[in-house]
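Overview (structure and organization)
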Amino acid sequence: MLKTGLMMDMPLLLSGIIEHAAAQYGDAEIVSRETHGPLFRYTTRECAVRAKKLANALAGLGLTPGSAVASIAWNNHRHLEAYYAVSGSGMVMHTCNPRLHPQQLIYIINHAEDEAVIFDASFAPIIKGIAAHCPKVRHWVCLADAANTPAIEGVAKILNYEDLIAPASEVFDWPSFDERTAAALCYTSGTTGNPKGALYSHRAIVLNAITICIPGALGLSPQEAILPVVPMFHINAWCLPYATLIAGAKLVLPGPKLDGPSLYELMEAEKVTVSAGVPTIWQGLIAHLDQHGLKFSTMRRTATGGSAMPLALIAKFNDQYKVDVRHGWGMTETTAVATMGVITAQQQAEWTPEQRHALIAKQGKSVFGIEIKVVDDTGATLPRDGTSQGELMVRGQWILERYFKGDASPLVDGWFPTGDIAVIAPDGVMQIRDRTKDVIKTGGEWISSIDLENAAVGHPGVQMAAVIGVKHPKWDERPLLFIVRKPGQEVSKDEILSFLAERVAKWWVPDDVVFLDALPVGGTGKVQKGDLRKQYGGVFETPN
Ligand code: ADP
């Protein structure tokens, strides 16, 4: 018997996705909110043509395979075209989070050796501040037409995207190369130390994107209209710009308007069926629906992750708004989705809605291609018993092996240490209890800030909650709770604390509650606990 299979060996490349989509689902619509306001609409076929024009235009600027191109941009159609043109040409699409500190943006653009930066007009002030400090960048391209491209002080030449691609040929043969070639680069947010780069291969992205489409993940098909709220500058919008085109679905890109009313209006107008975003986005959207007594006409599923989706919000989506929640876990280093919550046929038939919501509040099972385990301080694997908690380790076909330009591999025995504290149940369902840096250590025991936040958000008057550990001379750390009330609600500290006392262990009840108008939220929609710690870290200086 022959030992080698006799199948074609064709590389998994991102250009294959846009070619497939244009050829098979060319009429599928792409709708995009322009940065200056109006909606733009075209087909996947037209998108593919413009991606080829851009590929030619970039080559005309002297960029070659291996060149890195940065983007500082919203989710819109030009950014999408760049995703395919840059990676498809064998260049690296480096998506930058515009909410990074300018010094960090300068750092990552120089570290990545970006030769061109494409940006949305709303980020012109950022470009003004960083341009002089990015010596390798030869081209600054505004994702707009001439009329909507601003002049930027200190940048001699700003190209506008439309004029750049207008004369370029529509004919471009996507090059073929090794599927392990770098396609995209995304830096971690760098809350500690300098940001670190995850350099994704074509292979990793394609495999992840296919996985997202399966019914047990997001269930994407030509019947869906997908609105990724998760930004294209954050882990490739969880690979949805690729998965949607693989699936032949309609893609709706929200541009800069991510508030509840704008999202609702867009979802209704474009008959969106599936969306994806971090929990804070859903808080804003649901608050809008609640306030105005609205309903979704077409929305069926929402993917969420990035931080824990509160149980109360899952229940609300499910019971009140009839939207299925797909709660996943992943990080910059895992390309996108690594685990996802699923309900089996038996759970659907036999469990109460409450039981199902509680399951979805956990982070789910590893998807095919990914393995997970939890380990103790010595690195020993802990049992999958639902209670033994330790650091979550992950490995698989789209997990980072080494950081871009990093010296030592972060892997431990071939597994990537996530810095998350988790438990895994016997059936494989994983639950994140905390991040190593957020867990509250009190009197030698651990309190899960995620569990406490979940409990607090269960109070009907609470819109958002965050818990940090505050230094305490007797107990080492004690929890401090921050609450944002729902509009018009007058919840008091005592009410909150007695509500929690009925739901969590006595020693978990926070020592104090601080009411805020809003929580500090970072560029990827996560609560910035570091900011809260900086401001409130010294509250419990006297033992109580
Ligand atoms: P950062 O938050 O530092 O910018 P990432 O965006 O890569 O980095 O976020 C990855 C982290 O987000 C994970 O390590 C984990 O702590 C958290 N996270 C992601 N998804 C979930 C989830 N569903 N529930 C709880 N935490 C999550």
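These numbers were taken from a predicted model, which means no experiment stands behind them.

**Considerations on the overall build of the protein chain**
Counting its regular elements, the protein chain contains 17 helices and 25 strands. A principal-axis box enclosing the C-alpha atoms of the protein chain has dimensions of 70 × 70 × 50 Å. Going through the 544 residues of the protein chain one by one, you find that 58% of them count as buried. Relative to all contacts within the protein chain whose residues are 6 or more apart in sequence, the contacts with residues 24 or more apart total 66%. Split by element, the accessible area of the protein chain, about 22,700 Å² in all, is 53% carbon and sulfur. Distance between charge centroids for the protein chain: 1 Å, based on 49 positive and 56 negative side chains.

**Structural notes on the site of the ligand**
Lining the immediate surroundings of the ligand are 16 residues, of which Ser-189, Gly-328, Thr-332, Asp-420 and Lys-526 lie closest. Between an oxygen atom of the ligand and a side-chain N or O atom of His-234, the distance comes to 3.5 Å. Interatomic distance of 3.1 Å between a side-chain N/O atom of Arg-435 and an oxygen atom of the ligand. Protein contact buries 94% of the 560 Å² of open area that the ligand shows by itself. Broken down by element, the shell around the ligand gets its largest block of residues, four residues, from strand S14 (residues 324-330).

**Focus: empty space enclosed by the protein**
Taken as a whole and assessed by the stated rule, the structure comprises one cavity of 30 Å³ or more. Every residue lining the largest cavity is listed: Trp-74, Asn-75, Val-229, Pro-231, Phe-233, Pro-254, Gly-255 and Leu-258. The residue makeup of the lining of the largest cavity, split by class, is six nonpolar, two polar and no charged.

**A look at the pairing of strand S10 (residues 225-228)**
Covered by surrounding structure in S10 are Ala-225 and Leu-227 together with Ile-226 and Pro-228, the residues of both alternating faces. In the sheet, S10 pairs with strand S11 (residues 250-253) via two bridges, with the strands oriented parallel. The partner of Ile-226 across the bridge, within S11, is Leu-251.

**Details of the sheet that holds strand S18 (residues 390-396)**
Spatially, the four strands line up as an open sheet ordered S17-S18-S19-S20, and their pairing is antiparallel. The strands lining the two open edges of the sheet, one partner per strand, are strand S17 (370-375) and strand S20 (430-435). Adjacent strand axes in the sheet meet at a mean angle of 50 degrees, parallel and antiparallel pairs treated alike.

**With respect to the pattern of salt bridges**
This model, assessed by the stated rule, comprises 28 salt bridges. Close ionic contact of Glu-81 with Arg-50 constitutes a salt bridge, the shortest N to O distance being 2.8 Å. Of the two residues, Glu-81 sits in helix H3 (residues 77-88) while Arg-50 sits in helix H2 (residues 44-60), which places them 31 residues apart along the sequence. Notably, a salt bridge pairs Lys-405 with Glu-113, separated by 2.7 Å at the nearest N-O pair. Separated by 292 residues along the polypeptide, Lys-405 in the loop between S18 and strand S19 (416-424) and Glu-113 in the loop between helix H4 (102-112) and strand S5 (114-119) bring together distant segments of the chain. What makes Lys-405 partly exposed here is its relative accessible area of 42%. Beyond isolated ion pairs, a larger network of salt bridges with shared partners links Glu-34, Arg-50, Arg-78, Glu-81 and Glu-162.

**What about the layout of surface pockets?**
In this structure, the second largest pocket occupies an estimated 520 Å³ of space. Along the wall of the second largest pocket there are 25 residues; nearest its centre are Leu-199, Ser-201, Ile-399, Leu-400 and Glu-401. Elements with a minimum of two residues in the lining of the second largest pocket: strand S9 (197-201), helix H7 (202-213) and S18. Of all the elements, S9 adds the most residues to the lining of the second largest pocket, at four residues. Here the residues of the lining of the second largest pocket are counted per class, giving 13 nonpolar, six polar and six charged.

**Notes on the sheet that holds S11**
An order of S2-S1-S11-S10-S12-S13-S14-S15-S16 is seen for the nine strands of this open sheet, with the pairing classed as mixed. The open sheet is flanked by strand S2 (39-43) and strand S16 (365-366), the only strands paired with a single partner. Here H2 sits on the sheet and contacts strand S1 (29-33) and S2; the angle it forms with S2, its principal contact strand, is near 95 degrees.

**A word on the nonpolar core**
In terms of nonpolar packing, the biggest core is built from 118 residues, with Tyr-84, Leu-220, Leu-240, Tyr-242, Trp-282, Phe-296 and Phe-317 touching the most fellow members. Those residues in contact with Phe-317 that lie beyond four places of it in its chain are Trp-282, Ile-286, Phe-296, Thr-302, Met-309, Lys-322, Val-323 and Val-325. Within the second largest apolar cluster, 31 residues are counted, among which are Ile-106, Val-117, Phe-119 and Val-137.

**Re the packing of helix H1 (residues 14-24) against H2**
Running from N to C, H1 and H2 cross one another at 140 degrees; their axes reach a closest spacing of 8 Å. Taken together, the axis directions place H1 and H2 in an arrangement best described as oblique. Once H1 is placed against H2, the crossing between them reads as left-handed. Here Ile-18, Glu-19, Ala-21 and Ala-22 of H1 come into contact with H2, specifically with Thr-44, Arg-45, Cys-47, Ala-48 and Lys-52. When grouped by side-chain class, the residues that make up the contact of H1 with H2 number five nonpolar, one polar and three charged.

**Considering unusual backbone geometry**
Although it is not a glycine, Asn-236 adopts a positive phi angle of roughly 50 degrees. Take Asn-236: its relative accessible area is 1%, and that puts it in the buried class. Positioned with a positive phi, Cys-239 is a non-glycine residue whose angle comes to about 65 degrees. Looking at the secondary structure, you find Cys-239 in the loop between helix H8 (235-238) and helix H9 (240-247). Judged by relative accessible area, Cys-239 falls into the buried class, the value being 0%.

**Section: the environment of Cys-213**
With respect to the helices and strands, the residue Cys-213 is situated in helix H7. On the accessibility criterion, Cys-213 (13% relative accessible area) is buried. Once the C-alpha coordinates of Cys-213 and Ile-424 are considered, the two residues, 211 residues apart in sequence, prove to be 25 Å apart. Cys-213 has contacts with Gly-219, Leu-220, Ala-243, Ile-246 and Ala-247, leaving out every residue within four places of it along the chain.

**Considerations on the packing of aromatic side chains**
Applying the stated criterion to the full structure yields 10 aromatic pairs. Centroid distance Trp-74 to Phe-123: 4.9 Å. Interplanar angle 35 degrees. Geometry classified as tilted. Of this pair, Trp-74 sits in the loop between strand S3 (68-72) and H3 while Phe-123 sits in the loop between S5 and helix H5 (124-130); the two residues are 49 residues apart in sequence, bridging distant segments of the chain. Overall, Phe-123 belongs to the buried group, its relative accessible area being 8%. Between Phe-172 and Trp-174, the aromatic rings sit 5.1 Å apart at their centres with planes inclined by 70 degrees, giving edge-to-face as the arrangement. The exposure class assigned to Phe-172 is buried, which follows from its relative accessible area of 16%. Since its relative accessible area comes to 13%, Trp-174 is described here as buried. What links up through ring pairs into an aromatic cluster is the set Tyr-83, Tyr-84 and Tyr-242. Lying across the ring of Tyr-403, Lys-196 places its NZ or CZ 4.9 Å from the centre. One residue, Arg-485, lies across the ring of Phe-515, its end atom 3.9 Å from the ring centre.

Calculation rules
- Residues numbered from 1 in each chain as written.
- Predicted model: local features only at pLDDT ≥ 70, side-chain atom pairs only at ≥ 80, totals over all residues.
- Heavy atoms only, no water.
- Helix = DSSP H or I, 4+ residues; strand = E, 2+ residues; numbered from the N terminus.
- Buried < 20%, exposed > 50% of the residue type's maximum accessible area, 1.4 Å probe, protein only.
- Contact = heavy atoms within 4.5 Å.
- Areas by Shrake-Rupley, 256 points an atom, 1.4 Å probe, with all protein chains shown as cover.
- Lys, Arg positive; Asp, Glu negative; His and termini not counted.
- Charge placed at Lys NZ, Arg CZ, Asp CG, Glu CD.
- Near = heavy atom within 4 Å.
- Polar contact = N/O pair within 3.5 Å; in protein donor to acceptor, adjacent residues only side chain to side chain.
- 1 Å grid on protein atoms, 1.4 Å probe; cavity = no way out; pocket = protein on both sides within 12 Å on 5 of 7 lines; lining within 4 Å.
- Points joined across faces, edges and corners; volume = space filled by probe spheres on them.
- Nonpolar A, V, L, I, M, F, W, Y, C, P; charged D, E, K, R; others polar.
- Pairing = 2+ DSSP bridges.
- Axes fitted to C-alpha atoms, helices over the stretch in contact; angles between N-to-C directions.
- Salt bridge = Lys/Arg side-chain N within 4 Å of Asp/Glu carboxyl O.
- Core = buried A, V, L, I, M, F, W, Y, C linked by side-chain atoms within 4.5 Å.
- Parallel < 35°, antiparallel > 145°, perpendicular 65-115°, else oblique.
- Left-handed = near helix turned anticlockwise from the far one by under 90°.
- Phe/Tyr/Trp six-rings, centres within 6.5 Å; stacked < 30°, edge-to-face > 60°.
- Lys NZ or Arg CZ within 6 Å of the ring centre and 35° of its normal.

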